[in-house]
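The lines below spell out each chain.
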Amino acid sequence: MSREIAILNGTVFDPTNRIFGERMDIFVKDGKIVGSTSSKAKRIDASGKVVMPGGVDIHSHIAGSKVNSGRLLRPEDHRKDVEVKTPTTHSGVGYSIPSTYTTGYRYARMGYTTVFEPATPPLKTRHTHEELDSTPIIDKGCFPLFGNNWFVMEYFKDGKVEECATYIAWMLKALKGYAIKIVDPGGVEVWGWGKFLRHLDEKVTHFDVTPREIIRGLCKVNRLLNLPHPIHVHTNNLGNPGNYTTTIETMDSVRDMANGSKPIIHITHVQFTGFSGSSWLNLGSGAPEIAQYVNKHGHVSVDLGQIIFGDTTTMTADGPFQYFLHMLTDNKWVNMDVEVETGSGIVPFQYRRSNYVNAIQWGIGLELALLIRDPWRVFMTTDHPNGGPFTSYPRVIAWLMSRKARERTLLKINRTARRRLTLPSIDREYTLEEIATITRAAPARSLGLENKGHLGLGADADIAVYDINPSDMDVLTRKPAKLRRAFGQACYTIKNGEVVVREGKILKSPFGRTFYVESQTKPEMESNLLRSIEARFRDYYTVGIENYQINESYLRCPAKIRCEAEI
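I will try to describe carefully the structure that is included in this document. (Residues numbered from 1 in each chain as written. Predicted model: local features only at pLDDT ≥ 70, side-chain atom pairs only at ≥ 80, totals over all residues. Heavy atoms only, no water.)

### Notes on the sheet that holds strand β12 (residues 231-234)
Here's step 1: Reading across from one edge, β11-β12-β13-β16-β20 is the order of the five strands in this open sheet, with parallel pairing throughout. Only two strands of the sheet have a single neighbouring strand rather than two, namely β11 (181-183) and β20 (378-379).
Here's step 2: Where β12 and strand β13 (residues 265-267) come together, three bridges link them in parallel fashion. By the bridge assignment, His232 is partnered in β13 with His266.
Here's step 3: On top of the sheet, helix α9 (residues 244-252) reaches β12, β13 and β16 (300-303); it is set at about 165° to β13, its chief contact. (Pairing = 2+ DSSP bridges. Helix = DSSP H or I, 4+ residues; strand = E, 2+ residues; numbered from the N terminus. Contact = heavy atoms within 4.5 Å. Axes fitted to C-alpha atoms, helices over the stretch in contact; angles between N-to-C directions.)

Below, the structure is given as structure tokens:
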């Protein structure tokens, strides 16, 4: 049965197709954007409203074993935020770590339609897919972790880059993963031996490789496999004063490998690695220096990891950092070693306006967004739930679009932090075009999703309609609460050609696709790989290789993206 929708007379922001606030009609048929529809199409009057592609979140921890452990750890997070059952929705709970159905509903209400889980231990990816399969409406995917993987470090120690590429290609195919994720390269492994790794050129205990060699090696692997997304890197030294130099050094470690202006490395949640100073007493913002580097070098993109004042749950594969956070706060915690692959940790946390360090962190995220000139290389995230829940995105948008909103918050934060930040002197206010870029077009392009993040003919019909009249923008920037309300509750969210949200109410809960990549290497190379790793699986793992692999039939709606490997 044909499904047609005509969205009429809206003000469209579609940066990919260079449409910047034009009044026009958008037509949908059978889940795709088309040039016209029949007279039977459902008509949506978008007069005086903004029309954008569905939102794309490149980095949000929404599924997997660590998320579920966080839910178990924090019953208080469930009690304070309840999703009531309706005729079209399941009940659910959770403020910073919502249950799966609730996650899908809340993204859809904001006009978001695609979300990527950015850190799954390979061994636990089956669990990640089970939760993604239970998350309705949104399309999704996941990034397996490779930065502390014993196989990877052994390959690089022996200079076997092509063999490592074959291994990564097989792992992504076996796990139904989408991109290479690197967290604290080598540092999690070193911490397992009771030590800390502080510099890119320190050796990883027992493996004789350095973080720099891991990053460069995986960047080469990414290129050999022609994967759609650059290596996705959580740098070393997260959460330490002065770590902005590590961030810049990490970016610069692959500069000579750039080929053209396309980013080859994505540095994630840079707020957490944007600290200047040498101690907590003189901690400052390293955002101006990081922004200066990004502005001068096209091979890197970043996302913010903006913090939101209030309660949240931090969780990361960076086990050493979570240990440090637990010692700092004395809060309850979870920490885990995942066999030969990675680690992880979970700690509840409260960001406070009056706290000097937290106030500096708040300023760093916004300074990064406002000082990096190219909106195609800086994406809006809160590193959900680490900086705050994804439901805070409308608040972040208001801070970016309204200097008035920033000034109101600046008046409430720690006075010393306010004095030391650059933020009060920044006049820039994001336009709707730039918001559409950092929340839709740019992350979709970075992920290599050709049919996402835009409204061109043939694109997926993922669309958000917001109650924002562009002719009233001067008024709205002076009244940022209206911006927050508009971006927090879309008038319409259309997913795959179906109206799933109207005025914040969930109408339908279809299940979206799970994207994964398959980069096929030469058959003889994969055969050799399997012969070599089967015995290693018996030596290293508690599960056999036959139980490690995830069949496509295990996924509810699999969507394979093929890549042409160069080996």
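Don't stop here, the text continues.
### A closer look at the pattern of salt bridges
Here's step 1: Counted under the stated rule, the structure contains 32 salt bridges.
Here's step 2: Here Arg3 and Glu498 are joined by a salt bridge, their closest N and O atoms 3.5 Å apart. With Arg3 in the segment before β1 (4-14) and Glu498 in strand β23 (residues 498-502), this residue pair connects regions lying 495 residues apart in the sequence.
Here's step 3: On the basis of relative accessibility, which here comes to 29%, the residue Arg3 falls in the partly exposed class.
Here's step 4: The partner of Arg562 in a salt bridge is Glu518, and the shortest N-O contact between them spans 3.7 Å. With Arg562 in strand β26 (residues 558-564) and Glu518 in strand β25 (residues 514-520), this pair connects stretches of sequence that are 44 residues apart. (Salt bridge = Lys/Arg side-chain N within 4 Å of Asp/Glu carboxyl O. Buried < 20%, exposed > 50% of the residue type's maximum accessible area, 1.4 Å probe, protein only.)

### Quick look at the nonpolar core
Here's step 1: Counting residues in hydrophobic clusters, the biggest one holds 140 residues, and the most contacted among them are Ile168, Leu218, Ile468 and Phe487.
Here's step 2: Once residues within four sequence positions are removed from consideration, Phe487 is found in contact with Met52, Met110, Pro394, Ile397, Met401, Leu432, Ile435, Tyr466 and Ile468.
Here's step 3: If you look at the next biggest cluster of nonpolar residues, it comprises 19 residues, including Ile5, Ile19, Val28 and Ile44. (Core = buried A, V, L, I, M, F, W, Y, C linked by side-chain atoms within 4.5 Å.)

### What to know about the sheet that holds strand β17 (residues 310-316)
Here's step 1: Sheet architecture is open: three strands sit in the order β17-β19-β18, paired in antiparallel fashion. Edge strands, defined here as strands with exactly one partner in the open sheet, are β17 and β18 (334-338). Pairs of neighbouring strands in the sheet enclose a mean axial angle of 15°, with direction left out of account.
Here's step 2: Examined bridge by bridge, β17 and strand β19 (residues 342-351) share seven bridges and lie antiparallel to one another. Note that in β19 the partner of Gly310 across the bridge is Tyr351.
Here's step 3: Each of β17, β18 and β19 is contacted by helix α11 (residues 319-329), which is oriented at about 35° to β19, the strand it contacts most.

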